[in-house]
Amino acid sequence: MADPTMATEEGQGEKPMMLRAVSVSEPGSKTPFELPEDLIKNTELEMDPYNENETALRFLHSKPTCFIVIGKPGAGKTSLVRRLAAEWKCELINPTEIILRAIEMETESGKKCAEILNRGEAVSEDMVIKMIEEKVNSPEVAHHGYVLDDFPSLSEDNMSIKDQLELIKNWKLKPDFIINIKIPDKDLEERRTGQKVDPLTGITYIKEVYAPEKPTKQPTTEEEGEE
């Protein structure tokens, strides 16, 4: 494989160092994610922003945008998470979907979850946290980023919020944005009592969506009728 640096010719002085993305199929090559950081840092100023190859290489080495959406159950976290994942092209990380996906793919974790659920028991939060961390460290998340639906552990009896924040701070890909949805308890109660779940998609809808109130017609007065 050719040296990624440009050779220096006699009498012409040193030329700026150039980088190129190499194919994974090339023997002994490194993926763009494995190029030395100091090499990239030293050549950052030499990159031409109008060069498509150099711009693509810079994008491949940039950190993907990551989100965490937190809030009370029923506040609309999952709906917002889905929209963010679609708009930002991020990987959606939802504990329920991770478990179902693992069971569908028949992974080792999925088989354990299936056995637990078949016994009528709940999957432990420690196992869920482990599966979330595996997803966060996956290659697709390293490229696209993630949108995490709430904290890894829903119960502070298992792990306090402080410990969960410390856990997240130690992730290789730390969240760039933490969105906290706040809603009054009265409004939250109304949302929860009117929620319905689509059995085919599993998406939860609130009453304002599936049965919106029709606007009431204002009675016309005699003066308005004459006009």
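Everything here concerns the structure above.
Just so we're clear, the structure is a prediction, and the values are computed from it rather than from any experiment.

S.K.: Just checking my understanding: could you explain helix α5 (residues 108-118) for this structure?
M.R.: Listing the buried residues of α5 in full gives S109, G110, C113 and I116. In a view along the axis of α5, the buried residues occupy a sector of 125°, so they form one face of it. What points out from α5, more than 90 degrees from its buried face, is the exposed set E108, K111 and N118. Elements that come into contact with the buried residues of α5 comprise α4 (95-105) and α6 (125-136). Downstream of α5 by a residue or two, G120 has a phi angle that is positive, lying close to 80°.

S.K.: Sorry if this is basic, but what is going on with the packing of α4 against α6 here?
M.R.: Each pair of packed helices can be described by the angle between their axes along with the distance between the axes. Two elements in contact, α4 and α6, have axes whose closest approach is 10 Å; the angle formed by their N-to-C orientations is 85°. By the angle between their directions, the pair α4 and α6 is classed as roughly perpendicular. From α4, P95, I98, I99 and A102 reach across to α6, where they touch V128, M131, I132 and K135. Partitioning the contact of α4 with α6 into residue classes produces seven nonpolar, no polar and one charged.

S.K.: What's the story with the pairing of strand β1 (residues 67-71) in this structure? I'm lost.
M.R.: Looking down a regular strand, the side chains alternate between one sheet face and the other. Of all the five residues making up β1, four are buried; the element is thus mostly covered by neighbouring parts of the structure. Of the strand pairs in this sheet, β1 and strand β3 (residues 146-149) are connected by three bridges, and their pairing is parallel. Bridge pairing links V69 to D149 in β3.

S.K.: So what exactly am I meant to see when it comes to the sheet that holds strand β2 (residues 91-93) here?
M.R.: Picture the strands of a sheet paired through backbone hydrogen bonds; they go either parallel or antiparallel. The strand order across the open sheet formed by four strands is β2-β3-β1-β4, and the pairing between neighbours is parallel. Strands at the two margins of the open sheet, each flanked by one partner only, are β2 and β4 (177-181). On average, adjacent strands in this sheet sit at an angle of 20° to one another, irrespective of strand direction. In this fold α6 packs onto β2 and β3, with an angle of close to 170° to the strand it touches most, β2.

S.K.: Hey, could you run me through the nonpolar core in this one?
M.R.: A general tendency of soluble globular proteins is for nonpolar side chains to be buried together. I93, M131, I132, Y146, L148 and W171 are the most contacted members of the largest nonpolar core, which has 25 residues in total. If you list the elements that add at least two residues to this core, you get β1, α4, α5, α6, β3 and α8 (161-169). One finds F67, A85, C90 and V147 within the second-largest nonpolar core, a separate group that totals seven residues.

S.K.: Explain the packing of aromatic side chains to me, please; I cannot follow it from the model alone.
M.R.: Think of a pair of aromatic rings as described by two things: how far the centres are apart, and how the planes are tilted against each other in angle. Within the structure shown, the criterion is met by three aromatic pairs. With 6.2 Å between their ring centres and 80° between their planes, Y146 and W171 make a pair best called edge-to-face. Residue Y146 is located in strand β3, and its partner W171 is located in the loop between α8 and β4; the two are separated by 25 residues in the primary sequence. Across this residue pair, the class does not change: Y146 and W171 are buried. Through successive ring pairs, a cluster of aromatic residues spans F67, W88 and F177.

Rules behind the numbers
Residues numbered from 1 in each chain as written. Predicted model: local features only at pLDDT ≥ 70, side-chain atom pairs only at ≥ 80, totals over all residues. Heavy atoms only, no water. Buried < 20%, exposed > 50% of the residue type's maximum accessible area, 1.4 Å probe, protein only. Helix = DSSP H or I, 4+ residues; strand = E, 2+ residues; numbered from the N terminus. Arc of directions from axis to C-beta. Contact = heavy atoms within 4.5 Å. Axes fitted to C-alpha atoms, helices over the stretch in contact; angles between N-to-C directions. Parallel < 35°, antiparallel > 145°, perpendicular 65-115°, else oblique. Nonpolar A, V, L, I, M, F, W, Y, C, P; charged D, E, K, R; others polar. Pairing = 2+ DSSP bridges. Core = buried A, V, L, I, M, F, W, Y, C linked by side-chain atoms within 4.5 Å. Phe/Tyr/Trp six-rings, centres within 6.5 Å; stacked < 30°, edge-to-face > 60°.

So yeah, pure geometry; function would need other evidence.
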